[in-house]
Amino acid sequence: MLQLIESICFENGAFQRIPLHEERMNHSRHLLFGSQDQLSLEHLSIPEGLQHQKIKCRVTYSVVLERIEYEVYSNKQIKSLKLVKADLVDYTFKYKNRDSLNRLLDLRGTADEILIVQNGKITDTSFTNIVFLKDGTWYSPEYPLLAGTRRADYLQKKLIFPQIIRPEDLYLFEEARLINSMRSLEDAEPIQISAIF
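Residues numbered from 1 in each chain as written. Predicted model: local features only at pLDDT ≥ 70, side-chain atom pairs only at ≥ 80, totals over all residues. Heavy atoms only, no water.

**Student:** Would you mind showing me how to read helix α3 (residues 149–156) here?
**Tutor:** For an α-helix, 3.6 residues make a turn, and residues three or four places apart therefore share a direction. Turning to α3, its buried residues number three or more, namely Thr149, Arg150, Arg151, Asp153 and Tyr154. Next to the buried residues of α3 lie β1 (4–11), α1 (18–33), β8 (129–134), β9 (137–141), β10 (160–163) and β11 (175–179). Trailing α3 by a residue or two, lysine 158 shows a phi angle of about 60°, which is positive. (Buried < 20%, exposed > 50% of the residue type's maximum accessible area, 1.4 Å probe, protein only. Helix = DSSP H or I, 4+ residues; strand = E, 2+ residues; numbered from the N terminus. Contact = heavy atoms within 4.5 Å.)

Below, the structure written as structure tokens:
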């Protein structure tokens, strides 16, 4: 059966954005499997000895919760992005199988990571949403490959704003940052626009 995942951040003694993860998980289950019940993540508990670290909790699920794994989080340094066109890649749901994204990642050349362009619009990297700074305001591509939970949280709080961004618009921005459940806007390292090619 098709499997999906949720990657949940445990930080400062608590799991982060649980309601948004539950909402995405149950929405995916409803659309893909016809599930009408609601799975809960409130029972998650961090293993002994990991309570004072930043932990990535990976939940694998389909119709039911299948597996829960915990690992100490290690930040991957990204300083350059290669624009890669991929009009047909679909990652609307957070699939466990990432073969299509991994094939695109093989096209990165000398860059650290890819930045996927669909139908002329910038979307996401292979594992994060992206935000761009212009005149003190952060913007996120209006049509991401995957609607991330941290991105959703920032949009709700009006810390970032959706905008259609095309490769030819990049010169309008001052820098970019990569965000996902484990990477906050505040902690993400800046990526220079000149390092996106």
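**Student:** So what exactly am I meant to see when it comes to the environment of glycine 136 here?
**Tutor:** Looking at the element boundaries, glycine 136 is found in the loop between β8 and β9. It is 29 Å that separates the C-alpha atoms of glycine 136 and serine 7, two residues lying 129 residues apart in sequence.

**Student:** How do you make sense of the pairing of strand β3 (residues 55–61) when you look at a structure like this?
**Tutor:** Successive residues of a regular strand alternate their side chains across the two faces of the sheet. Across the seven residues of β3, five count as buried, placing the element largely inside the fold. Two elements, β1 and β3, share seven bridges in a ladder whose sense is antiparallel. Paired with isoleucine 5 across the strands is threonine 60, a residue of β3. Here β3 pairs with strand β4 (residues 65–72) via seven bridges, running antiparallel. Residue cysteine 57 lies in a different strand from β4, and its bridge partner there is tyrosine 70. Where β3 hands over to β4, the hairpin turn is made up of three residues, counted between the paired strands. (Pairing = 2+ DSSP bridges.)

**Student:** Even after reading the chapter, I still don't get the pairing of strand β5 (residues 81–85), so can you show me in this structure?
**Tutor:** Pairing of β5 with strand β6 (residues 113–118), which is carried by five bridges, proceeds in the parallel orientation. Counted as the bridge partner of valine 84 is isoleucine 116 from β6.

**Student:** Please explain the sheet that holds strand β7 (residues 121–122) as it appears in this structure.
**Tutor:** Strand order in the open sheet made by the three strands is β5-β6-β7, with mixed pairing throughout. Looking at which strands have only one partner, the edges of the open sheet turn out to be β5 and β7. Of the strand pairs in this sheet, β6 and β7 are connected by two bridges, and their pairing is antiparallel. Counterpart to valine 117 in the pairing with β7 is isoleucine 122.

**Student:** Just checking my understanding: could you explain the packing of α1 against α3 for this structure?
**Tutor:** A pair of packed helices can be characterised by two numbers: the angle between their axes and the separation between those axes. Their axes nearest at 9 Å, the elements α1 and α3 cross at an angle of 120°. Taken together, the axes of α1 and α3 are oblique relative to one another. Every pair of crossing elements has a handedness; the one defined by α1 and α3 is right-handed. Counted together, Leu20, His21 and Arg24 of α1 and Thr149, Ala152, Asp153 and Gln156 of α3 form the full contact between these two elements. (Axes fitted to C-alpha atoms, helices over the stretch in contact; angles between N-to-C directions. Parallel < 35°, antiparallel > 145°, perpendicular 65-115°, else oblique. Left-handed = near helix turned anticlockwise from the far one by under 90°.)

**Student:** In this structure, what is going on with the packing of aromatic side chains? I would like to understand it.
**Tutor:** Note on aromatic pairs: each is described by the distance of the centres and the angle between the planes. What the rule picks out here adds up to five aromatic pairs. Taking the centre distance of 5.0 Å and the plane angle of 65° together, the rings of phenylalanine 10 and phenylalanine 15 count as edge-to-face. Ring centres of phenylalanine 93 and tyrosine 95 lie 6.0 Å apart, and the angle between their planes is 65°; on these two criteria the pair is classed as edge-to-face. Considered together, phenylalanine 93 and tyrosine 95 belong to a single accessibility category, that of buried residues. Here the aromatic cluster, defined as three or more aromatic residues joined through ring pairs, consists of Tyr91, Phe93 and Tyr95. (Phe/Tyr/Trp six-rings, centres within 6.5 Å; stacked < 30°, edge-to-face > 60°.)

**Student:** How should the environment of leucine 105 be read in this particular structure?
**Tutor:** Looking at the element boundaries, leucine 105 is found in helix α2 (residues 99–105). A C-alpha to C-alpha distance of 15 Å links leucine 105 and glutamine 118, two positions 13 residues apart in sequence. When near neighbours in sequence (up to four residues on either side) are disregarded, leucine 105 contacts Glu113, Ile114 and Ser126.

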